[in-house]
Amino acid sequence: MKKLLLMLLALALMLTPFTALAAEKVTEYDAAALIEDTAAEGSVNVYHWWTAGGEKDAIESVISGFQAAYPSSQAKSNAIPGGAGGAMVMKVKVLQQAGKSPESFQAHPGEEIQPYLDADMLLDLSAVWEYAGLEERVLPGIADLCQTEDGKYYIVPVGVHKTNTIFYNKHMFEEYGIELTDEENITWDEFWAICDQLQAALPEGKYAVDLGDRKGWAAAQVFESIMMGVDPQIYENFINGKATQEEVQSVLDVFAKLMTYVAPDHAAREWYETAGRMVAGDYAMQIMGTWMQPLLTSMGWVYGEDYGVFNMPGTEGYYGLCVDAFVVPNDSANVEGGVRWAYMVADPDVQIAFSTVKESVSPYADTPDSTYNELTMRFKEELLAEGTITYPSFTHGTALPWAASTDLQTRITDFSTSTDPDTARYAKMITEALNEAGVEGEWDIVP
């Protein structure tokens, strides 16, 4: 019943336009005047999905920076549980229809914000980009992801995470004699050998892998990481709406094999709950993006001593991009405050504070390397290394239309919870769904 209600709500969101209650939209503003008005008053309601350990401290660091710059204003943190942006779309729609649009909310650049753009709901932040010199400050490729086809910017990035990673409990690996000498380049055969060794040695109730996919996005992210590891060309075809049923089935076949090593009640937990169980020694590995890093830090774990991270098998040289960012609705009660918030998330001092706590890579080149710990610095160096190929996450909003991504998450959840998944049938459903959604991307990620 719960899945049915979510599907009906998602359908309603796809079919119903965003329409506020007689809200007056702001289309023009003086960015310099607004940003430099440090005596500005008013509430700034900010919505985000950061609720796990470390994440709450990270958003609070931005709020602290905002309050220091605008002491007469009041920034309010509103957490909407549910990663990958899906729950946020639903919440923003409800608020906007009630005439209570937030001053700013978290989003991912790319396809995720298109429904808001189609509804003429977002404020053009190009003037903020120009005032803050963001085009000159951002890391290579970030501006292209944030810019719309008409050359405008409606979103300001705050942090970058890598998606194609697997975290593992070093104590369990050592206990069962598993050596991982190369965390960058691991083959599928090597990965299956690790899983087999763990499965044979682990006592009842402990498992080689867990997903923590009570929310559908976590399973969908595993699917996209497997896809990149199986064949980057399939990934490119998929986000361009050109993947064949046979190609998708080849990915699902690998996914089905993975599930034989996963805890059978994996869908009963959120990703952060699974992380806690990995720390407790119930699961040896968790397939998750690098936002898991600050959560483990909040649990007292130390990289290199308690846990390690390796690339998803077959993805050496590839970097799955998840770019967290904020947008500003053009019809809130305090659009001017939203502009100031968008400016502050890119402030150099705020970036240092945020990146330190969030353990994310700053999207801005002027954030000093001293900001990062050992592991975050590893991810930054990898991101900027010559030859690294970045690719957009479709689970995290960038590469697939929101409706297609939501439908995909539902189908992948069904697949991952099936006791006997028919990979051919699910491949047919997934490819048909992308066709019906009219996916026609122009991504070029394979050299």
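See above for the structure.
Summary of the structure given here. Remember, predicted model here, so these are calculated numbers, not experimental data.

Thresholds applied
Residues numbered from 1 in each chain as written. Predicted model: local features only at pLDDT ≥ 70, side-chain atom pairs only at ≥ 80, totals over all residues. Heavy atoms only, no water. Helix = DSSP H or I, 4+ residues; strand = E, 2+ residues; numbered from the N terminus. Buried < 20%, exposed > 50% of the residue type's maximum accessible area, 1.4 Å probe, protein only. Contact = heavy atoms within 4.5 Å. Areas by Shrake-Rupley, 256 points an atom, 1.4 Å probe, with all protein chains shown as cover. Axes fitted to C-alpha atoms, helices over the stretch in contact; angles between N-to-C directions. Parallel < 35°, antiparallel > 145°, perpendicular 65-115°, else oblique. Nonpolar A, V, L, I, M, F, W, Y, C, P; charged D, E, K, R; others polar. 1 Å grid on protein atoms, 1.4 Å probe; cavity = no way out; pocket = protein on both sides within 12 Å on 5 of 7 lines; lining within 4 Å. Points joined across faces, edges and corners; volume = space filled by probe spheres on them.

### Quick word on the overall build of the protein chain
Secondary structure assignment for the protein chain yields 20 helices and ten strands. With the C-alpha coordinates of the protein chain rotated into their principal frame, the extents come out at 65 × 50 × 40 Å. Residues counted as buried form 56% of the 447 residues belonging to the protein chain. Considering only contacts in the protein chain between residues 6 or more positions apart, those separated by 24 or more positions represent 81%. Total accessible area on the protein chain stands at roughly 17,500 Å², and carbon and sulfur atoms take up 49% of it.

### Some details on the packing of helix 3 (residues 55-69) against helix 17 (residues 348-358)
Packing of helix 3 against helix 17 brings their axes to within 8 Å, and their N-to-C directions diverge by 170 degrees. The angle between the axes of helix 3 and helix 17 places the two elements in the roughly antiparallel class. Listed contacts from helix 17 to Glu-55, Asp-57, Ala-58, Ser-61, Val-62 and Gly-65 of helix 3 are Val-350, Ala-353, Phe-354, Val-357 and Lys-358. Class assignment of the residues belonging to the contact of helix 3 with helix 17 gives a composition of six nonpolar, two polar and three charged.

### Some points on the layout of surface pockets
Within this model, the largest pocket holds a volume of roughly 940 Å³. In this structure, the largest pocket is lined by 34 residues; those nearest its centre are Glu-111, Gln-114, Gln-147, Thr-148 and Glu-149. At the level of elements, helix 5 (114-118) and helix 8 (142-146) are the ones that each hand at least two residues to the lining of the largest pocket. For the lining of the largest pocket, the residue count by class is 16 nonpolar, nine polar and nine charged.

### Section: empty space enclosed by the protein
Evaluated as defined, the whole model comprises two cavities of 30 Å³ or more. Forming the boundary of the second largest cavity are Ala-404, Asp-407, Leu-408, Arg-411, Ile-430, Ala-433 and Leu-434. Mapped by element, the contributors of at least two residues to the lining of the second largest cavity are helix 19 (402-417) and helix 20 (423-436). The element that contributes the greatest number of residues to the lining of the second largest cavity is helix 19, accounting for four residues. When grouped by side-chain class, the residues that make up the lining of the second largest cavity number five nonpolar, no polar and two charged.

### Focus on the environment of Ala-143
The topology assignment puts Ala-143 in helix 8. On the basis of relative accessible area, Ala-143 is assigned to the buried category, the value being 15%. Considered as a pair, Ala-143 and Ala-325 are 182 residues apart in the sequence and their alpha carbons are 12 Å apart.

### Points about the packing of helix 11 (residues 216-230) against helix 12 (residues 232-239)
Orientation of helix 11 relative to helix 12, taken along the N-to-C sense of each, is 130 degrees, at an axis distance of 5 Å. As summarised for this structure, helix 11 and helix 12 are arranged oblique, according to the angle between their axes. Residue-level inspection shows Phe-223, Glu-224, Met-227, Met-228 and Val-230 of helix 11 in contact with helix 12, the latter providing Pro-232, Ile-234, Tyr-235 and Phe-238.

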